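Below, each chain spelled out in residue letters.
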Amino acid sequence: SSQWMYPSEQQFYNAMRKKGYNPPIEAIPSVLKIHNAVNERSWLQVRKWETELHNNEDPKLVKFVGRPKDLSPKAFFNSRVLMTQEPFDRHDWYVEDTNGGEPRRYVIDFYEGKEKAVELQKQSLPIMKPPSMYIDVRPALDTPGAAVDRMVMAAREALPGLTAAFDSFKKSD
């Protein structure tokens, strides 16, 4: 099948146990929903890179590697030199371009987010908030082209008006 299938609750529970975690069985439905939502957010970011930089409108995930114990070079630098928090998980996703060529590898670091102050908390009312999370998605620096992709995307995010004008100029050619 060309569509990604998420694990069942039982498969997810078994995977957690295999990794050495002992989650309460009653928490699995909620945890699995969060897990799947985080993966969807990650995939949207991968698709943004693919669409904006490679005109790959229909990328395919061809390989997934969970690397929770491995720090990416960026996460290592940030946590050891800049003294920021380490990610709680890391994935490497390999994405196939519909235009051909070798799959591109993306590094995804998952960080616990900072909690935001909520007015209701000041009133001591119990509220349920979704977990706060930061997801850092970027091409792995496997090729010089990946480094260029990172620089181009950084410029696009820093100068959105300029890049929008350039994009509209390119489309008019």
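What comes next is a walk through the structure. (Residues numbered from 1 in each chain as written. Predicted model: local features only at pLDDT ≥ 70, side-chain atom pairs only at ≥ 80, totals over all residues. Heavy atoms only, no water.)

Focus: helix H2 (residues 28-54)
1) Next: Along its 27 residues, H2 runs 37 Å from first to last C-alpha, staying within 8% of the 39 Å computed at 1.5 Å per residue.
2) Next: Considered for burial, the residues of H2 that qualify are Ile28, Leu32, Asn36, Val38, Asn39, Ser42, Trp43, Val46, Trp49, Glu50, Leu53 and His54.
3) Next: For H2, the secondary structure elements touched by its buried residues are helix H1 (9-18), strand E1 (60-66), strand E2 (89-96), strand E3 (104-112), strand E4 (133-139) and helix H5 (144-158).
4) Next: Immediately beyond the C-terminal end of H2, within one or two residues, lies Asn55, with a positive phi of roughly 50°. (Helix = DSSP H or I, 4+ residues; strand = E, 2+ residues; numbered from the N terminus. Expected span 1.5 Å × (residues − 1). Buried < 20%, exposed > 50% of the residue type's maximum accessible area, 1.4 Å probe, protein only. Contact = heavy atoms within 4.5 Å.)

Section: the packing of H2 against H5
1) Next: Look at H2 against H5: their axes get within 11 Å of each other, and the N-to-C directions meet at 95°. In terms of orientation, H2 and H5 fall into the roughly perpendicular class. Only Asp149, Arg150, Val152, Met153, Arg156 and Glu157 of H5 make contact with H2, whose side of the interface consists of Lys48, Trp49, Glu52, Leu53 and His54. (Axes fitted to C-alpha atoms, helices over the stretch in contact; angles between N-to-C directions. Parallel < 35°, antiparallel > 145°, perpendicular 65-115°, else oblique.)

Concerning the packing of aromatic side chains
1) Next: Taken as a whole and judged by the stated rule, the model has four aromatic pairs.
2) Next: Ring geometry for Phe64 against Trp93: centres 6.3 Å apart, planes inclined by 45°, an arrangement best described as tilted. Here the residue Phe64 occupies a position in strand E1, and Trp93 occupies one in strand E2, the gap between them amounting to 29 residues.
3) Next: Look at Phe64 and you get partly exposed, because its relative accessible area is 39%.
4) Next: Here Trp93 falls in the buried class, since its relative accessible area comes to 3%.
5) Next: Ring centres of Phe88 and Phe110 lie 6.3 Å apart, and the angle between their planes is 40°; on these two criteria the pair is classed as tilted. Remark: Phe110 occurs in strand E3 and Phe88 occurs in the loop between helix H3 (73-80) and E2; sequence separation between them is 22 residues.
6) Next: A relative accessible area of 42% means that Phe88 is categorised as partly exposed. (Phe/Tyr/Trp six-rings, centres within 6.5 Å; stacked < 30°, edge-to-face > 60°.)

Looking at unusual backbone geometry
1) Next: For Asn55, which is not glycine, the phi dihedral falls at a positive 50°.
2) Next: Topologically, Asn55 is positioned in the loop between H2 and E1.
3) Next: With phi around 60°, Met83 is a residue other than glycine that occupies positive phi space.
4) Next: Tracing the sequence through the fold places Met83 in the loop between H3 and E2.

Topic: the environment of Gly113
1) Next: In this fold, Gly113 is placed in the loop between E3 and helix H4 (119-122).
2) Next: Every residue in contact with Gly113, bar those within four places of it in the chain, is listed here: Ser132, Met133 and Tyr134.

Considering the packing of H1 against H2
1) Next: Running from N to C, H1 and H2 cross one another at 90°; their axes reach a closest spacing of 10 Å. As the angle between them shows, H1 and H2 are arranged roughly perpendicular. Each of Glu9, Phe12 and Tyr13 in H1 lies in contact with H2, whose residues at this interface are Ile28, Pro29, Val31, Leu32 and His35.
2) Next: A per-class count over the contact of H1 with H2 returns six nonpolar, one polar and one charged. (Nonpolar A, V, L, I, M, F, W, Y, C, P; charged D, E, K, R; others polar.)

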